[in-house]
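# Inside the fold
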Amino acid sequence: MSSAADTACSHCHLPIRGFGHDRRVRGEERRFCCYGCCLAFQVAHGEGEESEAAWLLVRLGVGAFLAMNIMLFSLLLYSGTLGDGDAEIIVMVHVILWALATACMLVLGSPLFREAGRAALRGRLTAASLISLGAGAAYAYSALAVMAGGDEVYFDTATMLLVLYTLGRLLEASGRARAMRDLAPMLEAERERVTLLDGAVERQCLARDVAAGMHVLVRPGERIAVDGVVVDGSSWTDEAVITGENRPVAKAHGSIVLAGSINHAGSLVVRATGAGTATRWARISASVRAALSRPGEVQRLADRIAGAFVPAVLLLAALAAVWWAQHMPLDDALLIGLAVLVVACPCGVGLAGALATTLGIGRLARRGCLVRGGQIVELLAAVRAVAFDKTGTVTLGTATVTSVITDGTVTEEVLRRAAGVERASEHPLARAVVNAAAERGIDAPLARQAAAVPGRGIRGDADGLAVLVGSPEWLAAEGYRMPAVLGRRQREAASGGDTLIHVGWAGIVRAAVTVGEALRPEAPVVVDGLRRLGLHTVLLTGDRQESAARIAHRLGVDGWEASLSPEAKNQSLGRLRARFGPVAMVGDGINDGPVLAGADVGIAVGTATDLARETADFVLPESGLGLLPWTIRLSRAVRRTILTNLAWAFGYNAIGLALAVSGHLQPLFAAALMAGSSLLVVLNSLRLERFPEPEHAADLATTETAGYGAGPRTAPRLAG
Amino acid sequence: MIEYPLLFLAGLAGSWHCVGMCGGFACVLGSDRTGAVPMLVRQLLYNLGRLTTYAFIGGVVGHLAAGLCVAEPGMPPTAAAQRVLAVASGLLLIVIGLQFLGWIRGSARPLGLTYAAPTLTRALRDILRTPGPAAPLAFGALNGFLPCPLVYAIAAQAMGSGSAVAGMLTMLVFGLGTFPAMLLVGGVGSRLRAAINAGSWGRHSVEAAGALILLLGLITLTRGVVLLDTHRHLL
């Protein structure tokens, strides 16, 4: 387990940066990212009569009760109901206020003072420090005033401050945990509770303790925790988190189920085929945890600013108080200083990026798309051009025979001989011919004395006849004659641009076989979707010009380059970057390692191995190319959310501080504002949960945009 | 000044509605404690907490509403501003009263509380089981913030009262009206509550509360439209 797990808050699962809170809950040492999460965790997980959670809420309730009474009594004083002749009553009320305030400071203030003290010992200032200082100062000043017989006391400010702060943090932490509730199961994958069936006896254990051969009972609505085979029951499962597809998959006796998928309809008994720790789901969980611990650039900057924030605010408050003290009574000047201290909310700044990025990573992971870190989400949003590798990425990776045109010879005979010869070759074109024969059920015995001529074709002995299978130029050069009828048919049929192979024996070309690369059906839709997002699309391949041109034409990309070595591909990426901006490269991740590394975002499709071994920054699931436009849209939404959060956090602080420093803000109002401001950041980030799911690209494929013949556009070749 | 007795009556009448909503809590607070006196103490603390919250709400609402309409801070609101406040408050009360009477439909969810309410209710549940005198006090204080249309109605009245203190008194008097019923239910227990909820007594009392609120609204509205007094005194 990486240490990343230790730096995630136990309540909201956001990464803890800087200084966290440690607390012992139910016998376990837990770390929290802030006071609010500490509170909220205890509320959520407290059990029993004497639980700490209940005591915490009792403290909040009692503190609120005391503060409210202080407010009510203060109202009596402020409203001037008691005339000037009632000086003794006023003093008595002051003393009552003092007593109530002392109780409140003890009840609500002590945990805050402890946290502030601990932070100060480590040389850090946090929001708790600000509040402790503010409330403490107001209380101390008012206590002195009572003893000296003054007439202005501010116990109401001090106590309300504590109540509002505590309440605000608690609510905000609850909101954050709610936002993370969909992500939480993913992060706890190995600690999920699993029901084991031991014969007829049910037993609970953790997912990581399951070994191969154990039987697991999965009830409807539960998540399947292990890879395995169904031995009993039938149901529908949702495998989106592994395959990216949102469609329910039927499972019955003998079906294979994947760890991480959700069981929908009926109970299933699954025999585990591997350990609970060795599933792709567990690896996804680990990689998401790792991703969460790597914040993006924007977030890192925000954190640095937040760190310098508190000392700056302290200074500002002191300066404001000192300056105003020259223009008005000390009382009022101190109040202004207090307002400055209180209105500042560093929590919003720190939270702005973290929550949105985490939600984005979680949404992606739910569809099986894994990013290396928050940085990648930011980059995906900034990408201006996308380059595709050809073989295996936009094509299915295998060539297939698209047609067999003969001069009258029976197709089966042609294929039988051709396949017999081609079986001796490893070339993709050869395999296509062999597959075509196999598909038609034709038995093609291996030709004897097969000899390949590199770049031309292959010659072999089938049924005692010398058969040639290869490029038209080669057969012509060998003196093979092409019958006129074949020539005519070939001209009619082979205009689609596929590769042409001639098959001949006994001096005559008998057939023309067209072989094409099958395009992934969703590829043209993806390219179209990316273009609609304003991205420049390009095909980069090491393959020949002709096949590259054909595929590019069908894809509808803006440009293509062929015959590229990996170094040349990197140079192309560099040119794209110079011309458009950040570039993403989509490849299969196995063969394109260095090229993916050369792009700003390297995207691998379909690799089933875990992210750590890849050089890819972003992994799409097996048939998940169609998810690419959606991931770009989601990343842009995350970036928008981060920017609006930051704008709000900074704007709020700037305006609030300006108002406070200029004396226009009462401390109580400032406290209320501060309590609510980071709530808004949470609520804004929660909107990402409602970002629409991707529509499956294959569903969108229409006859106009998908498949072959994608319109009269000819993809221009990129200038060198 | 007419309003205060009416408020008390509204509290009395509406308190059976309160019994339905919050009586359960009072019952738990009152049950399985040793002896009648500790039980009474717990009930008193609970209601003390609740009343404090009500008074607080009334004070804040009154203060904010008055503060919106002042020429200078510290001065009471101008006569014209008071009338506007009274009109607004009266209309709100009339609407809520009609909703109680069932003559118009109300909105199902009070605004903005869908988010905080689950947290609050879970919090309350936890406090219920904690022993000691602090718990009922805390519970009462937090319970008072639970979304309740009756409280909203009286808060609207507090809004129109013209000052923080008047608003506070408004809610306090109403709270005192609910005091007897809640104390009774907490002491006597769940059987009485079940009987109340089952019978027509509960329904009638809600209607009575609605009628009282309607009346309050009309009076407040009239005060705004036809200037009855320009300067509101506390006593």
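What you see is a predicted model, and the numbers here were worked out from it, not measured in a lab. (Residues numbered from 1 in each chain as written. Chains lettered and ligands numbered in written order. Predicted model: local features only at pLDDT ≥ 70, side-chain atom pairs only at ≥ 80, totals over all residues. Heavy atoms only, no water.)

## Quick look at the overall build of chain A
Along chain A, the regular secondary structure elements total 24 helices and 24 strands. Scored against the burial criterion, the 720 residues of chain A give a buried share of 55%. In chain A, the proportion of contacts linking residues at least 24 apart, taken out of those at least 6 apart, comes to 69%. Here chain A has roughly 30,000 Å² of accessible surface; of this, 58% comes from carbon and sulfur atoms. (Helix = DSSP H or I, 4+ residues; strand = E, 2+ residues; numbered from the N terminus. Buried < 20%, exposed > 50% of the residue type's maximum accessible area, 1.4 Å probe, protein only. Contact = heavy atoms within 4.5 Å. Areas by Shrake-Rupley, 256 points an atom, 1.4 Å probe, with all protein chains shown as cover.)

## Some thoughts on the packing of aromatic side chains
Residues and elements named next belong to chain A. Scanning the entire structure with this criterion turns up six aromatic pairs over all chains. Summarising the aromatic geometry, the rings of Trp-323 and Trp-324 are spaced 5.1 Å apart at their centres and angled 90° between planes, so their arrangement reads as edge-to-face. Taking relative accessible area as the criterion, Trp-324 reaches 18% and is therefore assigned buried. Against the face of Trp-505 rests Arg-417, its NZ or CZ located 4.6 Å from the ring centre. (Phe/Tyr/Trp six-rings, centres within 6.5 Å; stacked < 30°, edge-to-face > 60°. Lys NZ or Arg CZ within 6 Å of the ring centre and 35° of its normal.)

## With respect to the sheet that holds strand β24 (residues 618–620) of chain A
Residues and elements named next belong to chain A. Taking strand neighbours across the sheet as the criterion, the seven strands line up as β12-β24-β23-β22-β13-β20-β21 in an open arrangement whose pairing is mixed. Only two strands of the sheet have a single partner each, and these edge strands are β12 (370–371) and β21 (559–561). Together, β12, β23 (601–605) and β24 form the strand contacts of helix α12 (residues 374–382), whose direction differs from that of β23 by roughly 95°. (Pairing = 2+ DSSP bridges. Axes fitted to C-alpha atoms, helices over the stretch in contact; angles between N-to-C directions.)

## Regarding a positive patch on the surface
Residues and elements named next belong to chain A. A contiguous patch of positive charge on the surface is contributed by Arg-384, Arg-639, Arg-640, Arg-687 and Arg-690. With respect to the helices, strands and loops of the structure, Arg-640 is situated in helix α22 (residues 628–661). Overall, Arg-640 belongs to the exposed group, its relative accessible area being 54%. (Patch = residues over 30% accessible without salt bridge, like charges linked within 9 Å, V, L, I, M, F, W, Y side chains within 5 Å. Salt bridge = Lys/Arg side-chain N within 4 Å of Asp/Glu carboxyl O. Lys, Arg positive; Asp, Glu negative; His and termini not counted. Charge placed at Lys NZ, Arg CZ, Asp CG, Glu CD.)

## Remarks on the side chain of B:Asn47
Residues and elements named next belong to chain B. The residue Asn-47 is located in helix α2 (residues 36–68) in this model. Given the relative accessible area of 0%, Asn-47 is considered buried. At 2.9 Å, the side chain of Asn-47 and the backbone oxygen of Gln-43 are in polar contact. Here Arg-50 takes part through its side chain, which lies 3.0 Å from a polar atom of the side chain of Asn-47. Discounting chain neighbours no more than four positions away, the residues touching Asn-47 are Phe-179, Met-182 and Leu-183. (Polar contact = N/O pair within 3.5 Å; in protein donor to acceptor, adjacent residues only side chain to side chain.)

## Things to note about the confidence of the model for chain A
Residues and elements named next belong to chain A. When pLDDT is averaged along chain A, the result is 80, and 86% of the positions lie at 70 or above. Taken element by element, the predicted model of chain A shows its lowest mean pLDDT in helix α24 (residues 697–700) (45) and its highest in strand β20 (residues 536–540) (92). Within the model, pLDDT remains below 50 along residues 1–6, and this stretch shows seven contacts once partners closer than five positions in the same chain are excluded. (pLDDT = per-residue confidence, 0-100.)

## Digging into the sheet that holds strand β10 (residues 262–263) of chain A
All names here are of chain A. Across the sheet, three strands lie side by side as β8-β7-β10; this open sheet has antiparallel pairing. This sheet does not close on itself; its edge strands, each paired only once, are β8 (248–251) and β10. Looking at chain direction, strand β7 (residues 235–238) and β8 are connected through four bridges and run antiparallel. Looking at the pairing, Ser-235 lines up with Lys-251 of β8.

## As for the confidence of the model for chain B
Residues and elements named next belong to chain B. Here chain B averages 71 in pLDDT, while 60% of its residues score no lower than 70. Ranking the elements of chain B by mean pLDDT puts helix α8 (residues 190–198) last, at 58, and α2 first, at 83. For the stretch residues 108–115, pLDDT sits under 50, and the model shows 12 contacts to residues farther than four places along the chain or on other chains. This stretch, residues 230–235, has a pLDDT under 50; its non-local contacts, to residues over four places away or in other chains, come to nine contacts.

## Looking at a nonpolar patch on the surface
Residue and element names in this part refer to chain B. A cluster of nonpolar side chains, contributed by Phe-8, Leu-9, Leu-12 and Leu-176, occupies part of the molecular surface with about 310 Å² of accessible area. The element that contributes the greatest number of residues to the nonpolar patch is helix α1 (residues 3–30), accounting for three residues. Locating Phe-8 in the fold gives a position in helix α1. The exposure class of Phe-8 is partly exposed, given its relative accessible area of 33%.

## A few points about α22(A)
Owing to its 3.6 residues per turn, the α-helix brings residues three or four apart onto one side. Its 34 residues place the ends of α22(A) 49 Å apart at the C-alpha level, agreeing with the 50 Å of an ideal helix rising 1.5 Å per residue. One or two steps after α22(A), the chain reaches A:Gly663, where phi turns positive at roughly 85°. (Expected span 1.5 Å × (residues − 1).)

## What about the pattern of salt bridges?
Residue and element names in this part refer to chain A. Tallied over the entire structure, the rule returns 15 salt bridges over all chains. One salt bridge connects Glu-478 with Arg-459, and the closest N-O pair in it is separated by 3.3 Å. A residue pair is termed long-range when its members are at least 10 positions apart, and Glu-478 in the loop between α16 (472–477) and α17 (484–493) and Arg-459 in strand β16 (residues 457–462) qualify at 19 residues. Where Arg-577 meets Asp-600, a salt bridge forms, and the shortest distance between an N and an O atom there is 2.9 Å. Of this pair, Arg-577 sits in helix α20 (residues 566–579) while Asp-600 sits in the loop between α21 (593–598) and β23, and the two are 23 residues apart along the sequence. Several salt bridges share partner residues, and in doing so they unite Glu-202, Arg-219 and Glu-222 into one network.

## A word on the pairing of strand β6 (residues 228–232) of chain A
All names here are of chain A. By the bridge criterion, two bridges tie β6 to strand β9 (residues 256–257) in an arrangement that is antiparallel. Paired with Gly-228 across the bridge in β9 is Val-257. Of the strand pairs in this sheet, β6 and strand β11 (residues 268–272) are connected by four bridges, and their pairing is antiparallel. Looking at the pairing, Gly-228 lines up with Ala-272 of β11.

## What about the nonpolar core?
Counting residues in hydrophobic clusters, the biggest one holds 72 residues, and the most contacted among them are A:Val288, A:Phe388, A:Leu530, A:Leu539, A:Leu555, A:Ile603 and A:Phe618. Non-local contacts of A:Ile603, meaning those with residues more than four positions away in its chain, are made with A:Leu380, A:Ala584, A:Met585, A:Val586, A:Gly587, A:Leu596, A:Phe618, A:Leu620 and A:Leu628. (Core = buried A, V, L, I, M, F, W, Y, C linked by side-chain atoms within 4.5 Å.)

## Remarks on the environment of A:Tyr480
Tracing the sequence through the fold places A:Tyr480 in the loop between α16 and α17. Sequence separation between A:Tyr480 and A:Val340 is 140 residues; the distance between their C-alpha atoms is 93 Å.

## Details of the packing of helix α14 (residues 411–422) of chain A against helix α15 (residues 428–439) of chain A
All names here are of chain A. Axis separation between α14 and α15 bottoms out at 8 Å; the angle between their running directions is 135°. Regarding the angle of α14 to α15, the classification is oblique. The element α14 and its partner α15 pack so that their crossing is left-handed. Of the residues in α15, those touching α14 at Leu-415, Ala-418, Ala-419 and Glu-422 are Leu-429, Ala-430, Val-433, Val-434, Ala-436 and Ala-437. Of the residues in the contact of α14 with α15, the class split is nine nonpolar, no polar and one charged. (Parallel < 35°, antiparallel > 145°, perpendicular 65-115°, else oblique. Left-handed = near helix turned anticlockwise from the far one by under 90°. Nonpolar A, V, L, I, M, F, W, Y, C, P; charged D, E, K, R; others polar.)

## Focus: the pairing of β23(A)
All names here are of chain A. Here β23 lies mainly inside the structure; five of its five residues are buried. The two faces of β23 match: Val-601, Ile-603 and Val-605 on one face and Gly-602 and Ala-604 on the other face are all buried. Looking at chain direction, β23 and β24 are connected through three bridges and run parallel. The residue of β24 that forms the bridge with Ile-603 is Phe-618.

## Quick notes on helix α19 (residues 545–555) of chain A
Restricting attention to buried positions, one finds in α19(A) the residues A:Ser547, A:Ala548, A:Arg550, A:Ile551, A:Ala552, A:Arg554 and A:Leu555. Looking one or two residues beyond α19(A), the residue adopting positive phi is A:Gly556, at roughly 85°.

## Brief notes about the packing of helix α18 (residues 523–532) of chain A against α22(A)
Residue and element names in this part refer to chain A. Direction vectors running N to C along α18 and α22 enclose 25°, while the axes themselves pass 8 Å from each other. Between α18 and α22, the interaxial angle falls into the category roughly parallel. Contact residues: Val-526, Gly-529 and Leu-530 in α18; Leu-628, Pro-629 and Ile-632 in α22. Its residues assigned to classes, the contact of α18 with α22 shows five nonpolar, one polar and no charged.

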